[in-house]
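Summary of structural features
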Amino acid sequence: MNDRGIIKWAPFSSVINGNILLKEIHEEKSRIIKPTLSEEQIQELEDKILEKYNNKTLVTIFFYKNEHIYILKGIISKINTATKEITINNQKVIFFSNIIRII
């Protein structure tokens, strides 16, 4: 028996804007509402940031940006209390308000 393989799926790809529509639906489903943290949780995050900064140890930061949660690993190289942001590995800047969790 002959297997047509990928040819049998070709009609689904030919639908006008079908792939674009599917991509938009997938993006819509993957959006996340920013979690709210209590004052106690925020204080714990600030304490962990200071501890990791002083010890120069590896940190894993979960942060919220553009309706998605991202993970960044590195060493905290700078803390700017005036603008409320931290710098990881001397390159990536994250605002305190976007940080959700620190390991």
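Residues numbered from 1 in each chain as written. Predicted model: local features only at pLDDT ≥ 70, side-chain atom pairs only at ≥ 80, totals over all residues. Heavy atoms only, no water.

1. Points about the sheet that holds strand E3 (residues 85-88)
The antiparallel open sheet is built from five strands, whose spatial order is E4-E3-E2-E1-E5. The open sheet is flanked by strand E4 (92-95) and strand E5 (99-102), the only strands paired with a single partner. Taking the axes of each pair of neighbouring strands and ignoring which way they run, one obtains an average angle of 50 degrees across the sheet. Set on the sheet, helix H3 (residues 39-55) makes contact with strand E1 (58-65), strand E2 (68-80), E3 and E5; between it and E2 the angle comes to about 55 degrees. (Pairing = 2+ DSSP bridges. Helix = DSSP H or I, 4+ residues; strand = E, 2+ residues; numbered from the N terminus. Axes fitted to C-alpha atoms, helices over the stretch in contact; angles between N-to-C directions. Contact = heavy atoms within 4.5 Å.)

2. Structural notes on H3
Given a rise of 1.5 Å per residue, 17 residues ought to cover 24 Å, and the 24 Å separating the end C-alpha atoms of H3 matches this to within 8%. Immediately downstream of H3, the backbone of Lys56 shows phi near 55 degrees, a positive value. (Expected span 1.5 Å × (residues − 1).)

3. A word on the side chain of Thr60
Within the secondary structure, Thr60 sits in strand E1. Beyond its immediate sequence surroundings of up to four residues, Thr60 is in contact with Ile71, Leu72, Lys73, Arg101, Ile102 and Ile103.

4. Considerations on a negative patch on the surface
Residues Glu39, Glu40, Glu44, Glu46, Asp47 and Glu51 make up a contiguous surface patch of negative charge. Exposure remark for Glu39: the relative accessible area of 66% places this residue in the exposed category. (Patch = residues over 30% accessible without salt bridge, like charges linked within 9 Å, V, L, I, M, F, W, Y side chains within 5 Å. Areas by Shrake-Rupley, 256 points an atom, 1.4 Å probe, with all protein chains shown as cover. Salt bridge = Lys/Arg side-chain N within 4 Å of Asp/Glu carboxyl O. Lys, Arg positive; Asp, Glu negative; His and termini not counted. Charge placed at Lys NZ, Arg CZ, Asp CG, Glu CD. Buried < 20%, exposed > 50% of the residue type's maximum accessible area, 1.4 Å probe, protein only.)

5. What to know about the pattern of salt bridges
Inspection of the entire model under this criterion finds two salt bridges. For Arg31, the salt bridge goes to Glu28, with nearest N and O atoms at 3.1 Å. The class of Arg31 is partly exposed, set by a relative accessible area of 43%. For Glu67, the salt bridge is made with Arg31, and the minimal N-O distance between the two is 3.0 Å. Note that Glu67 is positioned in the loop between E1 and E2 and Arg31 in the loop between helix H2 (18-30) and H3, a separation of 36 residues in sequence. A relative accessible area of 35% places Glu67 in the partly exposed class. One salt-bridge network, in which partners are shared between bridges, spans Glu28, Arg31 and Glu67.

6. Focus: the nonpolar core
Side chains of nonpolar character tend, in soluble globular proteins, to be buried together. By size, the foremost hydrophobic cluster in this structure holds 11 residues: Leu45, Ile49, Val59, Ile61, Phe63, Ile76, Ile86, Ile88, Ile94, Ile99 and Ile102. For this core, the secondary structure elements donating two or more residues are H3, E1, E3 and E5. When residues in this core are grouped by element, the largest group, three residues, is from E1. (Core = buried A, V, L, I, M, F, W, Y, C linked by side-chain atoms within 4.5 Å.)

Coordinates in, geometry out; function isn't part of it.
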